[in-house]
Amino acid sequence: MAGLALVAEMATAKEGVKVVRLLRRAWNEIPEVVGSSVLAAIGVGFGFYAFFKQRDPSYAKKEFKKEYVVYRHDDPRAHNLKYTKVEL
């Protein structure tokens, strides 16, 4: 029984070495593809994060201001404001 566990452990270790060897060989032969694949995986991760963050109710759009201030034309603070004409 102990021999089977040892063989299984060695096989797992050899498979791990094969994967590392494959990744190193890929990096040496086609670094553009490996690098862009890593960046794509990071982008997909950020996309999933943003998608699920957007569905969170606490992330909902909030009002910019809850109260608006109206200045009269003769108020001295009104001269410091920028005027934009809005046509409806």
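Since the structure is predicted, the reported quantities are computational estimates derived from the model, not experimental observations. (Residues numbered from 1 in each chain as written. Predicted model: local features only at pLDDT ≥ 70, side-chain atom pairs only at ≥ 80, totals over all residues. Heavy atoms only, no water.)

Undergrad: Could you clarify how one ought to interpret a nonpolar patch on the surface in this entry?
TA: The grouping of Val-38, Leu-39, Ile-42 and Phe-46 at the surface amounts to a nonpolar patch, some 430 Å² of accessible area in total. On the secondary structure map, Val-38 appears in helix α2 (residues 31-54). Judged by its relative accessible area of 45%, Val-38 falls in the partly exposed class. (Patch = residues over 30% accessible without salt bridge, like charges linked within 9 Å, V, L, I, M, F, W, Y side chains within 5 Å. Areas by Shrake-Rupley, 256 points an atom, 1.4 Å probe, with all protein chains shown as cover. Salt bridge = Lys/Arg side-chain N within 4 Å of Asp/Glu carboxyl O. Helix = DSSP H or I, 4+ residues; strand = E, 2+ residues; numbered from the N terminus. Buried < 20%, exposed > 50% of the residue type's maximum accessible area, 1.4 Å probe, protein only.)

Undergrad: Is there a simple way to think about the environment of Leu-81 in this case?
TA: Here Leu-81 lies in the segment after α2. C-alpha separation for the pair Leu-81 and Tyr-71, spaced 10 residues apart in sequence, amounts to 9.6 Å.

Undergrad: Honestly, the packing of aromatic side chains in this entry has me stumped. Any pointers?
TA: Any aromatic ring pair is given by two values, namely how distant the centres are and how the planes are angled relative to each other. For the structure on display, the rule yields two aromatic pairs. Note on Phe-48 and Phe-52: the rings are 6.5 Å apart at their centroids and 15° apart in plane angle, and the pair reads as stacked. Note that Phe-48 and Phe-52 are positioned in helix α2 at a spacing of four residues, about one turn of the helix. Looking at Phe-52, the relative accessible area reads 48%, which means it is partly exposed. The interplanar angle of 75° and the centroid separation of 5.2 Å between the aromatic rings of Phe-51 and Phe-52 together place this pair among those described as edge-to-face. By way of ring pairs, the aromatic residues Phe-48, Phe-51 and Phe-52 are connected into one cluster. (Phe/Tyr/Trp six-rings, centres within 6.5 Å; stacked < 30°, edge-to-face > 60°.)

Undergrad: I'm lost on the pattern of salt bridges in this one. Help?
TA: Any two side chains of opposite charge can pair, on the condition that their charged atoms come close. In this structure the tally under the stated criterion is three salt bridges. The salt bridge involving Arg-25 is made with Glu-29; its shortest N-O contact spans 2.9 Å. Of the two residues, Arg-25 and Glu-29 both sit in helix α1 (residues 2-29), four residues apart, roughly one turn of that helix. The class of Glu-29 is exposed, set by a relative accessible area of 54%. For Arg-77, the salt bridge goes to Asp-75, with nearest N and O atoms at 3.1 Å. By relative accessible area, Asp-75 is classed as buried at 16%.

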